[in-house]
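# Tertiary structure, described
Spelled out, the chains give:
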Amino acid sequence: MKITDASIHPYPAGDSTLARMAIEAAGLGFDSIVAIGDAGDQHHGIEVLRGAVICAASAKEVLRQVRSPAIRGADVVYVNAGDISFNRAVVSIKEVHVIRNIHATRRNAFDHVAARSAAERGVAVDISMAPIVQLRGTKRQRALQRYADILSLQRRYGFGLTISSDARSILGQRSVRDVRGLCALFGMTGAEIGEALSSVGRITEPHQPVRVVG
């Protein structure tokens, strides 16, 4: 099982190059990373997957975007979460692999209906470390509560989880050990964390093989 940081944002979206972030990820205990945007060249013996993020106001717009060449060429397709009706619709779109930014939604925006559909269709929910690390006070507690709510639904319905640093520079990347500590804050067990860290490989198995960088 490959341990994967499910989302990083290298330059030009972030401050650090893909090469530098790949080296950092390897040093932090990861076997692979998902780079949002153009994955570019191979780097430092670590697997690099290309991720694409869809930000849309409607499921119809998501359907339009998933058919575009830029999205179809991605190894992992993410959609930013929205309201309850949007999330219920998006998990039924076969080209979508992961729902992200769940921490920024209202409570119950991802409900039992969306959870059941996600489990049936193999759509995962991303748990980003960025809100836990960067936010403070009430906003941080709200993010932790949203993650706890998602974990409760996951335990009941069995949809996949991914874990990402969502880092935009090497300063935002976190080690596997740090990730385990942060996820424990909202109740994930060691086994659940291990399962989530290795879930990207299961998402990409039906698709083209990942590129081995080195």
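Residues numbered from 1 in each chain as written. Predicted model: local features only at pLDDT ≥ 70, side-chain atom pairs only at ≥ 80, totals over all residues. Heavy atoms only, no water.

## Quick notes on the pairing of strand β2 (residues 32-36)
Looking down a regular strand, the side chains alternate between one sheet face and the other. We apply this condition: Each residue is placed in one exposure class: buried if its accessible area under a 1.4 Å probe, protein chains only, is under 20% of its type's maximum, exposed if it is over 50%, and partly exposed if it falls in between. The helix count covers DSSP runs of H or I at least four residues long, the strand count covers runs of E at least two residues long, and both are numbered beginning at the N terminus. Pairs of strands are assigned from DSSP output, requiring at least two bridges between the strands.
By the criterion of burial, β2 is predominantly enclosed, with 5 of the 5 residues buried. Where burial is concerned, the two faces of β2 agree: the one with S32, V34 and I36 and the one with I33 and A35 are both buried. With 3 bridges connecting them, strand β1 (residues 4-8) and β2 associate as parallel partners. Paired with I8 across the two strands is A35, which belongs to β2.

## Some words on the nonpolar core
Across soluble globular proteins, nonpolar side chains have a tendency to be buried as a group. Where we set the bar: Side-chain atoms within 4.5 Å are what join buried Ala, Val, Leu, Ile, Met, Phe, Trp, Tyr and Cys residues into a set we call a nonpolar core. By the convention used here, residues are in contact when the closest approach between their heavy atoms is within 4.5 Å.
Core analysis: the largest hydrophobic core is formed by 57 residues, its most contacted members being V62, V96, F110, F159, L161, I163 and F186. For this core, the element with the highest residue contribution is helix α7 (residues 137-157), accounting for 6 residues. Look past the residues within four positions of F159 in its chain and what remains in contact with it is F110, A115, A118, A119, V123, V125, I150, L153 and Q154. Within the second largest apolar cluster, 10 residues are counted, among which are A6, Y78, V98 and A124.

## With respect to the layout of surface pockets
Worth spelling out the cut-off: Buried and open spaces are told apart on a 1 Å grid over the protein atoms alone, a cavity being a set of points where a 1.4 Å probe fits but cannot get out and a pocket being an open set with protein on both sides within 12 Å along at least five of seven lines. Residues with an atom within 4 Å of a point are the lining residues. Grid points are joined across faces, edges and corners, and a volume is the space filled by probe spheres set on the points. Note on residue classes: Ala, Val, Leu, Ile, Met, Phe, Trp, Tyr, Cys and Pro are nonpolar, Asp, Glu, Lys and Arg are charged, and everything else, Gly too, is polar.
Within this model, the second largest pocket holds a volume of roughly 280 Å³. What lines the second largest pocket is a set of 18 residues, among which F159, G160, L161, S199 and R202 lie closest to the centre. When residues of the lining of the second largest pocket are traced back to their parent elements, those giving at least two are α5 (112-121), α7, α9 (190-197) and α10 (199-204). Classifying every residue of the lining of the second largest pocket by side-chain character gives 10 nonpolar, 5 polar and 3 charged.

## A word on the environment of S16
The condition is simple: Counting of polar contacts relies on pairs of N or O atoms within 3.5 Å, with two restrictions inside protein: one atom must be capable of donating a hydrogen and the other of accepting it, and residues adjacent in sequence are counted only when both atoms are side-chain atoms.
Along the chain, the position of S16 falls in the loop between β1 and α1 (18-27). Excluding anything up to four places from it in sequence, S16 contacts P10, Y11, M21, R168, S169 and I170. From its side chain, S16 meets the backbone nitrogen of I170 in a polar contact 3.1 Å long.

## Considerations on the sheet that holds strand β6 (residues 124-128)
Put simply, the rule reads: As a rule, the C-alpha atoms of each element are fitted with a line to give its axis, helices using only the stretch in contact, and angles between N-to-C directions run from 0 to 180 degrees.
Pairing is parallel in the open sheet, where 7 strands are placed in the order β1-β2-β3-β4-β5-β6-β7. Here the strands that pair on one side only, and so sit at the sheet edges, are β1 and β7 (161-164). Shown here is a sheet whose adjacent strand axes are inclined to one another by a mean of 30 degrees, direction ignored. Sheet strands touched by α7: β6 and β7. Its angle to β6, the strand with the most contacts, is close to 150 degrees.

## Re the pattern of salt bridges
For clarity, the cut-off: The rule for a salt bridge is simple: a side-chain nitrogen of Lys or Arg has to be within 4 Å of a carboxyl oxygen of Asp or Glu.
The tally for this structure, following the rule as stated, stands at 9 salt bridges. Between D166 and R100 there is a salt bridge, with its nearest N and O atoms 3.0 Å apart. Placement of the pair is D166 in the loop between β7 and α8 (176-184) and R100 in strand β5 (residues 98-100), with a sequence separation of 66 residues. In terms of burial, D166 and R100 fall into one category: buried. Here R146 makes a salt bridge to D149, at a shortest N to O gap of 3.7 Å. Here D149 and R146 lie together in helix α7, a separation of 3 residues that amounts to about one turn. For R146, a relative accessible area of 4% corresponds to the buried category. Classification of D149 as buried rests on a relative accessible area of 17%. Members of the salt-bridge network, linked through shared partners, are R107, R146 and D149.

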